[in-house]
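# Tertiary structure, described
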Amino acid sequence: MSLEKFFLNRENSLFVIIDIQEKLAKVMERRESVIENVLHLIELSKLLSIPVVLTEQYPKGLGQTVEAIRNAIAEYKPIEKMSFNCCDEEKFLEAIESYGRKNIVLTGMETHICVLQTALGLLKRGYNVHVVADGVCSRSYENHLTGLEFMRDAGAVITCTETVLFQHLGIAGTQEFKVISQRIK
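These notes cover the structure that comes with them. (Residues numbered from 1 in each chain as written. Predicted model: local features only at pLDDT ≥ 70, side-chain atom pairs only at ≥ 80, totals over all residues. Heavy atoms only, no water.)

Secondary structure assignment for the protein chain yields 9 helices and 6 strands. In terms of overall size, the protein chain behaves like a compact globule, its C-alpha atoms giving a radius of gyration of 15 Å where 185 residues would be expected to give roughly 16 Å. Structurally, the protein chain occupies a C-alpha span of about 45 × 40 × 35 Å along its principal axes. Looking at the protein chain as a whole, 51% of its 185 residues are labelled buried. Taking contacts inside the protein chain between residues at least 6 apart in sequence as the whole, the part at least 24 apart equals 80%. Of the roughly 9000 Å² of accessible surface on the protein chain, a fraction of 50% belongs to carbon and sulfur atoms. Charge-centre separation for the protein chain: the mean point of 21 positive side chains lies 2 Å from the mean point of 24 negative side chains. (Helix = DSSP H or I, 4+ residues; strand = E, 2+ residues; numbered from the N terminus. Rg over C-alpha atoms; globule rule 2.2 N^0.38 Å. Buried < 20%, exposed > 50% of the residue type's maximum accessible area, 1.4 Å probe, protein only. Contact = heavy atoms within 4.5 Å. Areas by Shrake-Rupley, 256 points an atom, 1.4 Å probe, with all protein chains shown as cover. Lys, Arg positive; Asp, Glu negative; His and termini not counted. Charge placed at Lys NZ, Arg CZ, Asp CG, Glu CD.)

What follows is the structure, encoded as structure tokens:
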């Protein structure tokens with residue numbers, strides 16, 4: 001097994017935020033911690049110039065991306081979709097391909113539906129997928145765990161917010177490190 005897929009850095013990563021929308025978030029028990037972790041990753045993306053792709057599942061029915069993320073993201077341009085698998089949307093594929101990044105870091109809702117199907121779609125296309133376990137959630141914790149296990153079995157790397165943050169930072173003592181360290185205290 002090649003270890004290459006486990007290494008993240010600012011040059012090879014792309015962050016994807018899947019469907020963290022108003023009406024959907026309301027029914028998620030872990031929404032506050034998931035949103036906070038996604039905000040940490042957005043801050044890192046700004047500091048290190050890591051691209052972010054944002055999706056919204058049927059926004060007419062589920063609303064926009066939650067306000068905190070809309071306000072934090074550098075450019076609010078969601079890719080609207082009807083498919084659970086983001087890879088079934090041409091605009092999504094065009095967006096991720098345009099960056100030429102091999103490692104996709106996934107966050108969003110719900111772990112066992114849209115995140116899972118998107119992870120599978122990305123893996124099938126040869127991407128290295130890192131699923132941020134504390135940056136995704138489902139309505140039930142059992143479904144969340146099942147989704148994570150399914151993605152790991154399929155070949156995704158299951159990680160956490162702080163691992164992603166510090167893999168990208170690489171060293172202590174930089175201005176970026178200081179900003180992120182302050183955020184997570």
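A rise of 1.5 Å per residue sets the reference length of helix H7 (residues 141-154), with its 14 residues, at 20 Å; its end C-alpha atoms lie 20 Å apart and thus fit the reference within 8%. Inspection of H7 places His144, Gly147, Leu148 and Met151 among the buried residues, and these make up the whole buried set. Considered in projection along H7, the buried side chains sweep an arc of 95 degrees and stay on one side of the axis. Exposed and oriented more than 90 degrees from the buried face of H7 are Glu142 and Asp153. Buried residues in H7 make contact with helix H6 (111-124), strand E5 (128-137) and strand E6 (157-159). (Expected span 1.5 Å × (residues − 1). Arc of directions from axis to C-beta.)

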